[in-house]
Amino acid sequence: MIKGVMFDFSGTLFRIESAAQWLNAVTTSAGLLVPDEELDACAGRLEEFGAQPGGVPPRRVPSHLEALWRERDLTAERHRAAFTALTREAKLPSPELAEALYDRSQVSGAWQPYPDTEETLHALRGRGIPVAVVSNIGWDMRPVFRDHGIDDLVDAYFLSFECGVEKPDPRIFQMACDQLEVPPGDVLMVGDDRVTDAGAGALGCRVHLVDPLPVDQRPSALAEVLRLL
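Caption draft 1: Inspection of the sheet that holds strand 1 (residues 4–7) at higher detail. Judged by pairing direction, the sheet is parallel, and its five strands sit side by side in the order 5-4-1-6-7 without closing on themselves. Both edges of this open sheet fall to strand 5 (156–159) and strand 7 (206–209), since each of them pairs with a single strand only. For this sheet, the mean angle separating the axes of adjacent strands, direction not counted, is 20°. With four bridges connecting them, strand 4 (residues 131–135) and strand 5 associate as parallel partners. Within strand 5, the residue paired with V133 across the bridge is Y157.

What follows is the structure in structure tokens.
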């Protein structure tokens, strides 16, 4: 019987705006007039390098950034360094946009909850089932939950840069289970990564995977969670 649920953040409960929207928001804020074709080409390069936190994974990471990339989620400093370095590899319209793009990725308006996120969290709260968010991340996304009005539906957050350990290491899942006061065998982990999120299975947690699709293409994936209880 499931008595507690852990959720991943990006690609599971929330989805970040597209790379094109991300880039356009920052160039507009900076007052830069960039031709549409140049913006589109740059957005494509940003996706190629996986330079957007929470966006598509990189198709390639330059060799000189591989070590930094592997450790990006362990500290806030490494996270910023890794992603700003990748944005610079994408040949931005203006070099100073690297920091602005990173800052934009932490703005609540850049993130949108999936259509069934709030409904699912409300249903779990109504059933008295505690919820934790367990995420490999280098910044505090609690304000995203608060600004979208669902922070009160989450009981605890376990973020890799705060915990000093990242998924799939069982220790971060154990921390969450301990905080929820539910044994791992009675906890469900819901995420979108078949390696990192599935690591909860090593503790005996049940694992349910969803696809990290754009918001308008994944209307009811979390509804399955309620049927698993």
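Caption draft 2: Representation of the nonpolar core. Judged by nonpolar contacts, the single largest core of 54 residues is most densely connected at F7, F9, M141 and F145. One finds M6, F158, I172 and M189 within the second-largest nonpolar core, a separate group that totals 16 residues.

Caption draft 3: Summary view of the packing of aromatic side chains. In the structure shown here, the tally under the stated rule is eight aromatic pairs. Taking 5.5 Å as the distance between ring centres and 45° as the angle between the ring planes, the aromatic pair formed by F9 and F14 counts as tilted. Residues W69 and F83 carry aromatic rings whose centres are separated by 5.4 Å and whose planes lie at 70° to one another, so their mutual orientation is edge-to-face. Highlighted residues: W69 in helix 3 (residues 66–70) and F83 in helix 4 (residues 76–89), separated in sequence by 14 residues. In this structure, W69 and F83 share a single accessibility class: buried. An aromatic cluster of three or more residues is present, and its members are F9, F14, W111, W139, F145 and Y157.

So, how was this worked out
- Residues numbered from 1 in each chain as written.
- Predicted model: local features only at pLDDT ≥ 70, side-chain atom pairs only at ≥ 80, totals over all residues.
- Heavy atoms only, no water.
- Pairing = 2+ DSSP bridges.
- Helix = DSSP H or I, 4+ residues; strand = E, 2+ residues; numbered from the N terminus.
- Axes fitted to C-alpha atoms, helices over the stretch in contact; angles between N-to-C directions.
- Core = buried A, V, L, I, M, F, W, Y, C linked by side-chain atoms within 4.5 Å.
- Buried < 20%, exposed > 50% of the residue type's maximum accessible area, 1.4 Å probe, protein only.
- Phe/Tyr/Trp six-rings, centres within 6.5 Å; stacked < 30°, edge-to-face > 60°.

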